[in-house]
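Here is what each chain is made of, one letter per residue.
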Amino acid sequence: MLVGVPKEIKDHESRVGLVPSSVAELIRRGHVALIQRGAGEGAGLSDGDFRAAGGTLVDGSERIFGESELIVKVKEPLAAERELLRRGQVLFTYLHLAPDLDQTKDLIAGGATCIAYETVTSPSGGLPLLTPMSEVAGRLAPQVGANCLENSQGGRGVLLGGVPGVPPADVIILGGGVSGTHAAAIAIGMGANVTVVDRSADVLRRVSAQFGSRVRTIFSTRDALAEIVRRADLLIGAVLLPGAAAPKLITREMVKSMKPGAVIVDIAIDQGGCSETSRPTTHSHPTYVDEGVVHYCVTNMPGAVARTSTFALNNVTLPFTLMLADKGWKQALRDDVYLRCGLNVHEGRIYCGPVAEAHRLPLADMKELLS
Ligand SMILES: NC(=O)c1ccc[n+]([C@@H]2O[C@H](COP(=O)([O-])OP(=O)(O)OC[C@H]3O[C@@H](n4cnc5c(N)ncnc54)[C@H](O)[C@@H]3O)[C@@H](O)[C@H]2O)c1
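Only a predicted model underlies this, so the values are computations on that prediction, with no experimental measurement involved. (Residues numbered from 1 in each chain as written. Predicted model: local features only at pLDDT ≥ 70, side-chain atom pairs only at ≥ 80, totals over all residues. Heavy atoms only, no water.)

### Looking at the overall build of the chain
Moving on, step 1. For the chain, the count of helices and strands is 15 helices and 15 strands.
Moving on, step 2. In terms of C-alpha radius of gyration, the chain reaches 21 Å, essentially the compact-globule figure of 21 Å for 371 residues.
Moving on, step 3. In terms of overall dimensions, the chain has a C-alpha envelope of 65 × 45 × 35 Å along the principal axes.
Moving on, step 4. The buried share of the chain, reckoned over its 371 residues, is 55%.
Moving on, step 5. Within the chain, contacts between residues at least 6 apart in sequence are counted, and of these 63% link residues at least 24 apart.
Moving on, step 6. Accessible area of the chain: about 15,000 Å², with a carbon and sulfur share of 52%.
Moving on, step 7. With 37 positive and 39 negative side-chain charges, the chain shows a separation of 3 Å between the mean positions of the two kinds. (Helix = DSSP H or I, 4+ residues; strand = E, 2+ residues; numbered from the N terminus. Rg over C-alpha atoms; globule rule 2.2 N^0.38 Å. Buried < 20%, exposed > 50% of the residue type's maximum accessible area, 1.4 Å probe, protein only. Contact = heavy atoms within 4.5 Å. Areas by Shrake-Rupley, 256 points an atom, 1.4 Å probe, with all protein chains shown as cover. Lys, Arg positive; Asp, Glu negative; His and termini not counted. Charge placed at Lys NZ, Arg CZ, Asp CG, Glu CD.)

### Examining the site of the ligand
Moving on, step 1. Taken together, 28 residues form the shell around the ligand, and within it Ser-134, Ser-179, Asp-198, Asp-270 and Met-301 come nearest.
Moving on, step 2. With respect to the ligand, the backbone of Leu-240 contributes an N or O atom lying 3.3 Å from an oxygen atom.
Moving on, step 3. A total of 870 Å² of accessible area belongs to the ligand in isolation, and the protein chains cover 90% of it.
Moving on, step 4. Looking at which element gives the most residues to the shell around the ligand, the answer is helix H6 (residues 131-148), with three residues.
Moving on, step 5. Of the residues belonging to the shell around the ligand, the class tally is 15 nonpolar, ten polar and three charged. (Near = heavy atom within 4 Å. Polar contact = N/O pair within 3.5 Å; in protein donor to acceptor, adjacent residues only side chain to side chain. Nonpolar A, V, L, I, M, F, W, Y, C, P; charged D, E, K, R; others polar.)

### Brief notes about the sheet that holds strand S3 (residues 56-58)
Moving on, step 1. Strand order in the open sheet made by the eight strands is S3-S2-S1-S4-S5-S6-S14-S15, with mixed pairing throughout. Single-partner strands in this sheet number two, and they are S3 and strand S15 (349-350). (Pairing = 2+ DSSP bridges.)

### A word on the pairing of strand S13 (residues 293-296)
Moving on, step 1. Where burial is concerned, the two faces of S13 agree: the one with Val-293 and His-295 and the one with Val-294 and Tyr-296 are both buried.
Moving on, step 2. Both strand S11 (residues 263-266) and S13 contribute to a ladder of three bridges, which runs parallel. Bridge pairing links Val-265 to Tyr-296 in S13.

### Topic: the nonpolar core
When a protein is soluble and globular, its nonpolar side chains tend to lie buried together.
Moving on, step 1. Residues Val-194, Val-265, Met-301 and Leu-339 are the most contacted members of the largest nonpolar core, which totals 81 residues.
Moving on, step 2. For this core, the domains that each give at least three residues are domain 1 (2-119 + 305-370) and domain 2 (131-299).
Moving on, step 3. If near-sequence neighbours (up to four positions away) are discounted, Val-194 is found in contact with Val-171, Ile-173, Ala-184, Ala-187, Ile-188, Arg-214, Val-215 and Arg-216.
Moving on, step 4. By size, the runner-up hydrophobic cluster in this structure holds 17 residues, among which are Ile-172, Val-229, Ile-250 and Val-255. (Core = buried A, V, L, I, M, F, W, Y, C linked by side-chain atoms within 4.5 Å. Domains from an automatic or database assignment.)

### A word on the domain arrangement of the chain
Moving on, step 1. You can read the domains of the chain as domain 1 (2-119 + 305-370) and domain 2 (131-299).
Moving on, step 2. Its C-alpha centre places domain 1 at a distance of 30 Å from the equivalent point of domain 2.
Moving on, step 3. Every contact between the two is made by 18 residues of domain 1 and, on the other side, 15 residues of domain 2.
Moving on, step 4. Surface buried jointly by domain 1 and domain 2 totals about 1,300 Å² across both partners, of which 64% is contributed by carbon and sulfur atoms.
Moving on, step 5. Broken down residue by residue, the surface that domain 1 buries against domain 2 is led by Asp-11, His-96 and Pro-99, which jointly contribute 31%.
Moving on, step 6. Counting across the domain 1 and domain 2 interface gives eight residue pairs in polar contact (both at pLDDT 80 or more).
Moving on, step 7. For the side of domain 1 that touches domain 2, the elements supplying multiple residues, two or more each, are helix H11 (306-327) and helix H14 (353-358).
Moving on, step 8. Residue composition of the side of domain 1 that touches domain 2, by class: nine nonpolar, four polar and five charged. (Buried area = accessible area lost by both parts, 1.4 Å probe.)

### Digging into unusual backbone geometry
Moving on, step 1. Positive phi is not limited to glycine here, since Glu-291 has a value of about 55°.
Moving on, step 2. With respect to the helices, strands and loops of the structure, Glu-291 is situated in the loop between strand S12 (287-290) and S13.
Moving on, step 3. Positive phi values are uncommon outside glycine, yet Arg-360 reaches one of about 50°.
Moving on, step 4. Mapping Arg-360 onto the fold places it in the loop between H14 and helix H15 (366-370).
Moving on, step 5. A residue is classified by how much of its surface remains accessible, and Arg-360, at 78% relative accessible area, is exposed.

### Examining the packing of aromatic side chains
Moving on, step 1. On inspection of all chains with the given rule, the structure shows two aromatic pairs.
Moving on, step 2. Consider the rings of Phe-92 and Tyr-117, whose centres lie 4.7 Å apart with planes at 85°: the pair is edge-to-face. Placement of the pair is Phe-92 in strand S5 (residues 90-93) and Tyr-117 in the loop between strand S6 (113-116) and H6, with a sequence separation of 25 residues. This pair shows no difference in class: Phe-92 is buried, exactly as Tyr-117 is. (Phe/Tyr/Trp six-rings, centres within 6.5 Å; stacked < 30°, edge-to-face > 60°.)

Below, the structure written as structure tokens:
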């Protein structure tokens, strides 16, 4: 199969869909890999590395989109890329369609088979292709939050860990899943007062067992949130309803009640964000102030540490990429019930329940498609 890897064009996105060792694996199995020149530069992977692995280097993305049967990317295709996608082609990447009607409409109109990393599931119901990037974003969140709390960034001038005689910052983490747990680990390490809020008692039990008395856990209710959000120096949004738009747990009124110069890092912004005041930002312009609170809502946080993120992503995507290339998308989806959950759009129809629901569009029948 002809597998193509374009250079990412989202703002400051330096990750790349395949690393050279993944390319070598494809070549060993008889596939051909077209790599856009410079695609791996930001992750410290040179054209020479890809060539040595057996990849064919091409200029620009037109040939990649024009000729590839399977396109392996990192972030959702932007409008210019969506125009190049076509029927009969498979796109394997993050899509985050539930909060993005424009992209959904374009992918429906384009006709390509679009398989989203973030809805591929594991036997335990986890999201194996989202997990490593949630780990990265979670670990980055206290770091960027600490920076936003500095006066020069519009923050309230609080040091996350405090100093002897001056208390540390209050860090509230909404969601104790993958990104929330990793955010807690780093915030605790930086010496902050950390509270994790979740609606699952089992999640709170796990967080409590993992961190002991170094973290407070609170069951998520509207009243509890209203009370705790007011106290936060740094609020980290890390909730997820798989495939669906993030629940707006933080109302504008709650944000108004926060201390001036407090910070919200909304990791969940890629699914629309969990605060009514959140809107997507970029690495070039990562923050804005609303209701006196600094908001950091970058949709591709792991792109800031592209090398770590690229390798972490390839570790989990490679088995699925190989399956798609070896068997073709239809047989791969028939054979693997977990990869099947990744199919979001095919030939103009939606196959992911939460995406169909978010946009009030009909859900097509997967069984019929694969029979
Ligand atoms: N911005 C970025 O660059 C970036 C990078 C990676 C991941 N993400 C996003 O981060 C978000 C979190 O991902 P994750 O892998 O940590 O998810 P996860 O499924 O591991 O954890 C989500 C947690 O949210 C909890 N939750 C759901 N509804 C809740 C509610 N009403 N109140 C309290 N808790 C609630 C769940 O119980 C779960 O524990 C996702 O939207 C993901 O796409 C963003």
